[in-house]
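# Residue-level structural notes
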Amino acid sequence: MLLTILSFLVLILSFASFAPQIRHVWWSKNARGILSIHLLFNLICSTEHVFFGFFYMVNSYHVPGVWSHSPINILDWVNLVQLTGVWVLFNVLFFLCLYFNPLSRLQKALIIAIYVYFLSIFLVPLIIDATTDIFCPPERPNCSIMDRDPLAFFEGFHNFYVMPITVTLLVLGFYKQAERPLLNLNITGLKLQTAIFVLSAVSWIVRLYFPWKMFLDQPWGPVPIYLVIPSWWQQVGFVAGYPHSKQLIGKQLYD
C-alpha cells in the first residue's frame, strides 16, 4: 500500500512537471530553444513505454509475471496511468513546440511522418493481437487466447529492433539539444522536472513486476545475476532508464 501511495505521488508530480514548460511555450509563442528532434525522440520512447505497458496489462491474465501483477492490482493501474499521462503531455509539448518552431512546412511534415511511423510500429502488434489469430500455431487456427503467443513476438520485436533504435535516437537527441544554448526555456521548470524524473526513474525499479524468483530459484541452481540483469533491462528496466535524458539535461542546467 505504501508503494502504491508513493507511486501515486510520483504520478502527480510527473504530470505537474510538464506544466511550467508547456505554459512557458504557450505564453511566449516561442520554441527556438527546444530542439524538435529531441522532443520527437523523447516522445517515441514514451510511446514505446505506454503501448508496451498496455500490452502487458491486456495479456496479464494469460502471460502473468512480467511488468504487471497477476491479478492486476491498483499499483499496476497507477503505473499505466502515469505512462499514458506522460505520453499525452509529451504529445502536447511536442506539437506545441513544433507549431511555434520556425521550421519549414516540409521539415515539420517530415518530423510528424517519423512520429507516425513509429506510432504505427507500436500500434500494429496490439491491433493484430486483438483482432486476428496470426499468433495461433499453424495447425490450430482460431485457437483460444491461452494458446496464442503474442508475447514472444512483441518482446522479440521490441528487444531486437525497437529498443536499440529508440535508445540510440534518445542519446542522439540529447546531444543535439545539449549543443544548443538554453534559450527560451523555463530553466526552473526544467530543473524541477529533472528532479522529478530522477525520482520516477528510481521508483520504476520497484514498481514494475519482474519474476526474479523464476531466475534465482531454479532446481539446478540460480541463474547468474549477470544474465538476469540484461533480461530485467529488456523487459522492464528500460523504463527506469528512459528519464536519463532529462537527467542529463538537468546536469547541463546545474553545471
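What you see is a predicted model, and the numbers here were worked out from it, not measured in a lab.

### A word on the UniProt feature "transmembrane region" (unreviewed entry) in the protein chain
- UniProt marks residues 34–56, 77–103, 109–130, 151–172 and 192–210 with the feature "transmembrane region" (unreviewed entry), using the numbering shown here.
- Overall, residues 34–56 shows 91% helix and 0% strand. The separation of its end C-alpha atoms is 33 Å.
- Secondary structure within residues 77–103 divides into 89% helix and 0% strand; the distance between the first and last C-alpha atoms comes to 39 Å.

### Focus on the packing of helix H2 (residues 19–28) against helix H4 (residues 74–100)
- Interhelical geometry of H2 versus H4 gives an angle of 25° and a closest axis separation of 10 Å. With respect to each other, H2 and H4 are oriented roughly parallel. Crossing geometry of H2 relative to H4 is assigned as left-handed. In this structure, H2 contributes Gln-21, Ile-22, Val-25 and Trp-26 to the contact, and H4 contributes Leu-89, Val-92, Leu-93, Leu-96, Cys-97 and Phe-100.

### Focus: the environment of Val-66
- Along the chain, Val-66 falls in the loop between helix H3 (36–58) and H4.
- Taking C-alpha positions, Val-66 is 7.4 Å from Gln-235, a pair spaced 169 residues apart along the chain.

### What about helix H1 (residues 2–16)?
- Taking 1.5 Å of rise per residue, 15 residues should cover 21 Å, and H1 covers 21 Å from first to last C-alpha, within 8% of that figure.
- Every buried residue of H1 is listed here: Thr-4, Ser-7, Val-10, Leu-11 and Ser-14. Along H1, the residues classed as buried sweep out an arc of 120° about the axis, all on the same side.
- If you follow the buried residues of H1, they end up packed against H4 and helix H7 (187–207).

### Here's the deal with the packing of aromatic side chains
- Enumeration according to the criterion identifies nine aromatic pairs in this entry.
- Their ring planes at 80° and their centres at 5.0 Å tell us that Phe-18 and Phe-90 sit as a pair that is edge-to-face. Of this pair, Phe-18 sits in the loop between H1 and H2 while Phe-90 sits in helix H4, placing them 72 residues apart in sequence. The pair formed by Phe-18 and Phe-90 is uniform in burial state, with each residue classed as buried.
- Joined through ring pairs, the aromatic side chains of Phe-18, Phe-90 and Phe-197 make up one cluster.
- One residue, Lys-29, lies across the ring of Trp-26, its end atom 4.7 Å from the ring centre.

Analysis parameters
- Residues numbered from 1 in each chain as written.
- Predicted model: local features only at pLDDT ≥ 70, side-chain atom pairs only at ≥ 80, totals over all residues.
- Heavy atoms only, no water.
- UniProt positions renumbered as here; feature names shortened; annotations may be inferred.
- Helix = DSSP H or I, 4+ residues; strand = E, 2+ residues; numbered from the N terminus.
- Axes fitted to C-alpha atoms, helices over the stretch in contact; angles between N-to-C directions.
- Parallel < 35°, antiparallel > 145°, perpendicular 65-115°, else oblique.
- Left-handed = near helix turned anticlockwise from the far one by under 90°.
- Contact = heavy atoms within 4.5 Å.
- Expected span 1.5 Å × (residues − 1).
- Buried < 20%, exposed > 50% of the residue type's maximum accessible area, 1.4 Å probe, protein only.
- Arc of directions from axis to C-beta.
- Phe/Tyr/Trp six-rings, centres within 6.5 Å; stacked < 30°, edge-to-face > 60°.
- Lys NZ or Arg CZ within 6 Å of the ring centre and 35° of its normal.

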